[in-house]
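Letter by letter, the chains look like this.
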Amino acid sequence: MKISNPQKLDKKIAKVEAKSYKKTLKFKHKEELKLAKKAEKMRKKFASAEEKKKRKQEKRAEKAQISEIRKYGSAKASDTKKPKETDFKKPVDKEAETEKLLLSIAKEQNPVAGWLNLDNAALIFPAGETADISNMFRVSAVLREPVDPILLQKALNLIVPRFPSLTSSLKRGLFWYYLEPSNKPLVVEKQKDFPCRKIGLDARNALIRVTYFSHEVAVEILHVATDGNGGITFLNSLLCCYFKLQGKEIADKTNCLNHLDKPKPEELADSYQQFFDNRKLPRAKDKKAYRLSGKKLPAGVLLTVKGIISSSAINAAAKARGLTVGQLLTACLIYAIEEDRNFYLRKNKLPVVIGVPINIRKFYESKTLRNFVALMHIENENSDDFDAICQSVKQQFEKFNNVDYLKSYVNFNVRIQKNKFFRLLPLPVKNVAMKLALKMFSDNVTTSTFSNLGRIAAPQEFKDKVIRYEFNLGPQSTILTSLCGASYNDTLVLTFARVIEESGVEKYFFRKLRELDVPVAVESNFEL
């Protein structure tokens, strides 16, 4: 066989040889890498095994040293130094240990309540889009001594059976919501986050949360359970048990209940139904209100600004103008909102409307621990003259603070509940109707809220144990800034709670109080 071109053949053979050489090199490189990885793994395994052996030997030596010292004392351990026991103990998370202990104590709770219907005012609260957070409030007491969480949990265990309407959970029925004992015990929590965080509306969560921090004991409550007056009674009863567990005698029972007594029917009654008389009384139509605006804070963030003032000083300022303290503070709030509106040059001329709750217990004797309040709307038609605002507020307070207005308010609400057609509607359909009612009669007709508990009634023995009480509302979906007040021991604490960055309203408010010769000390849960 003749080869026509031997040079081309040689080139082809050279190429094939070069390719095969490259492939062999690649293969060898891969094999070398595999071997290197295996060797590295073996080295790591050997090193970790050696480290484990060293640790075991060190632990054995340490244990031997400790056992020698425990058996024979420091004199026997001649060659070795006496080790400290703290050197061999793992660091303990005290907070985690406290939480475990609180949970173990809480498991001893024995709620004895059956199911309960919601009161008339509570029916509408679960229907809101953010019902699990927007209908909350917080009452707290600042003590003279640091709080002992273990004793606080034991005190909570004692009063849980005494307050079935507060310590129950919310459940859904076919036609209505109702209350039943929670599946989980109430556990005292350390306050680590912003106040009035979300409480789930289900069988796993009670309608309240008890927290502590430093010298403060607080109870956060969903409005489904009770109003501010019922919240204070619960807090006082809790503190009474707490002080007794400390070995302190509390003989006076003002505004607190004995945990040894059984719940009474009148404490669980729906007083709206008892006050209702089915008369159709005239009721003023609510006007669409001016609404505050601002940059909203992230969900779950609630900023609080507290103004701490002398009760006697604010009383003197109110008397000088012929007003009550509630009237003067409402006028100051309206003035602050008007000043804030003028500062931002907002052209919206809708009236500023302040929702002010009225405690119906002052007009109709009731021992209920559930909701029993009415709401009056105090309006201001674009006036920024403080004297004119004061006179207008005084006239409106006198107009609403009477039995006729309260009857018309209660009759209107209870009549809806008793409507046969409405009663037959399934709960999901009722929720839609009640959401619309919330927008019509609450969200769109209120600029802000001022809720004043007034002078807190408490046992005489609390005076040298409790410095002051505090009260604030939780985050609201449409009311961006709210004001609450509580007075005790000649100290009035006014708390603004807001969900926006802008702080103009409280600045103008406290500035006005200083102009009225009322000194104010300001505290907040953020850096001012």
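See above for the structure.
Nothing here was measured: the structure is a model prediction, and the numbers come from that model. (Residues numbered from 1 in each chain as written. Predicted model: local features only at pLDDT ≥ 70, side-chain atom pairs only at ≥ 80, totals over all residues. Heavy atoms only, no water.)

Let's shift gears to unusual backbone geometry. Residue Asn-255 is not a glycine yet carries a positive backbone phi of 55 degrees. With respect to the secondary-structure elements, Asn-255 resides in the loop between helix H6 (228–245) and helix H7 (271–275). Judged by relative accessible area, Asn-255 falls into the partly exposed class, the value being 28%. Even without being a glycine, Asp-490 presents a positive backbone phi close to 60 degrees. Mapping Asp-490 onto the fold places it in the loop between strand S13 (481–488) and strand S14 (491–498). According to the relative accessible area criterion, Asp-490 is partly exposed, its value standing at 44%. (Helix = DSSP H or I, 4+ residues; strand = E, 2+ residues; numbered from the N terminus. Buried < 20%, exposed > 50% of the residue type's maximum accessible area, 1.4 Å probe, protein only.)

Spanning 16 residues, helix H11 (residues 403–418) covers 21 Å between terminal C-alpha atoms, matching the ideal 22 Å at 1.5 Å per step. Those residues of H11 that sit buried are Tyr-405, Leu-406, Lys-407, Ser-408, Tyr-409, Val-410, Asn-411, Val-414 and Gln-417. Turning to H11, the residues buried within the fold contact H7, strand S9 (352–359), strand S10 (373–380), helix H10 (386–400) and helix H12 (420–424). (Expected span 1.5 Å × (residues − 1). Contact = heavy atoms within 4.5 Å.)

Next up on the list: the nonpolar core. Among the nonpolar cores identified, the biggest contains 67 residues, and Leu-239, Phe-462 and Tyr-469 are the most heavily contacted of them. Of all elements in the fold, only strand S2 (136–143), helix H4 (149–159), strand S4 (177–181), strand S6 (208–213), strand S7 (216–222), H6, strand S12 (466–473) and S13 reach the threshold of two or more residues within this core. Of all the elements, H6 adds the most residues to this core, at 9 residues. Each residue touching Leu-239, except ones within four places of it in the same chain, is listed here: Ala-141, Leu-143, Val-217, Phe-462, Val-466 and Tyr-469. Counting residues in each nonpolar core, the second largest holds 55 residues, with Ala-336, Val-352, Phe-397 and Tyr-405 among its members. (Core = buried A, V, L, I, M, F, W, Y, C linked by side-chain atoms within 4.5 Å.)

Let us look at the packing of helix H8 (residues 311–320) against helix H9 (residues 325–343). Relative to each other, H8 and H9 sit at 85 degrees, their axes nearing to 9 Å. Our classification of the angle between H8 and H9 gives roughly perpendicular. When H8 is examined against H9, the residues Ile-314, Asn-315, Ala-317 and Ala-318 are found in contact with a partner set consisting of Val-325, Leu-328 and Leu-329. Partitioned by chemical class, the residues of the contact of H8 with H9 number 6 nonpolar, 1 polar and no charged. (Axes fitted to C-alpha atoms, helices over the stretch in contact; angles between N-to-C directions. Parallel < 35°, antiparallel > 145°, perpendicular 65-115°, else oblique. Nonpolar A, V, L, I, M, F, W, Y, C, P; charged D, E, K, R; others polar.)

Let us look at the packing of H9 against helix H14 (residues 504–515). Across the interface, H9 lies against H14 with an axial gap of 8 Å and an inter-helix angle of 130 degrees. Judged by the angle between their axes, H9 and H14 are oblique. In this structure, H9 crosses over H14, and the sense of that crossing is right-handed. Contacts from Leu-329, Cys-332, Leu-333, Tyr-335, Ala-336, Ile-337, Glu-339, Asp-340 and Phe-343 in H9 reach Gly-504, Val-505, Tyr-508, Phe-509, Lys-512 and Leu-513 in H14. Its residues placed into classes, the contact of H9 with H14 shows 11 nonpolar, 1 polar and 3 charged. (Left-handed = near helix turned anticlockwise from the far one by under 90°.)

Bringing the sheet that holds S6 into the picture now. What the 5 strands build is an open sheet, ordered S5-S6-S7-S2-S12; its pairing is mixed. Each end of this open sheet is capped by a strand with a single partner; those strands are strand S5 (189–190) and S12. Across 7 bridges, S2 lies against S7 in antiparallel orientation. Bridge pairing links Ser-140 to Ala-218 in S7. (Pairing = 2+ DSSP bridges.)

For strand S11 (residues 448–455), the tally of buried residues reaches 6 of 8 residues, placing the bulk of the element in the interior. Relative to S11, S9 is paired through 2 bridges, and the arrangement is parallel. Considered in S11, the bridge of Ile-354 is made with Ser-448. Two elements, S11 and S13, share 5 bridges in a ladder whose sense is parallel. Following the sheet pairing, Phe-450 is matched in S13 by Leu-483.

Our next topic: the pattern of salt bridges. A complete count under the given rule lists 26 salt bridges for this structure. In this structure, Arg-321 and Asp-387 form a salt bridge, with 2.6 Å as the shortest nitrogen-oxygen distance. In this pair, Arg-321 is assigned in the loop between H8 and H9 and Asp-387 in helix H10, connecting sequence segments 66 residues apart. On the basis of relative accessibility, which here comes to 32%, the residue Arg-321 falls in the partly exposed class. Among the residues examined, Asp-387 registers a relative accessible area of 44% and is labelled partly exposed. The closest approach of N and O atoms between Lys-512 and Glu-515, which form a salt bridge, is 3.1 Å. Of this pair, Lys-512 and Glu-515 both sit in helix H14, 3 residues apart, which is roughly one turn of the helix. For Lys-512, a relative accessible area of 10% puts it in the buried group. One salt-bridge network, held together by shared partners, links Arg-138, Glu-189, Arg-197, Arg-209, Glu-216 and Glu-220. (Salt bridge = Lys/Arg side-chain N within 4 Å of Asp/Glu carboxyl O.)

With mixed pairing, the 7 strands of this open sheet are ordered in space as S10-S9-S11-S13-S14-S8-S15. Where the open sheet ends on each side, the last strands, each with one partner, are S10 and strand S15 (521–524). This sheet shows a mean twist of 20 degrees between the axes of neighbouring strands, independent of strand direction. On top of the sheet, H10 reaches S9 and S10; it is set at about 150 degrees to S10, its chief contact.

Okay, the packing of aromatic side chains next. One pass over the structure, following the stated rule, counts 18 aromatic pairs. Centre to centre, the rings of Phe-275 and Phe-372 are 6.2 Å apart; their planes meet at 90 degrees, and the pair counts as edge-to-face. Of the two residues, Phe-275 sits in helix H7 while Phe-372 sits in the loop between S9 and S10, which places them 97 residues apart along the sequence. Its relative accessible area of 3% is what places Phe-275 among the buried residues. Note on Phe-343 and Tyr-344: the rings are 5.1 Å apart at their centroids and 85 degrees apart in plane angle, and the pair reads as edge-to-face. Accessibility expressed as a relative area gives 54% for Phe-343, which makes it exposed. Three or more aromatic residues joined by ring pairs make a cluster, and in this case those are Tyr-272, Phe-275, Tyr-364 and Phe-372. The ring of Phe-275 carries the charged tip of Lys-407 above its face, separated from the ring centre by 4.2 Å. Stacked on the ring of Phe-422, the Lys or Arg Lys-430 has its end atom at 5.7 Å from the ring centre. (Phe/Tyr/Trp six-rings, centres within 6.5 Å; stacked < 30°, edge-to-face > 60°. Lys NZ or Arg CZ within 6 Å of the ring centre and 35° of its normal.)

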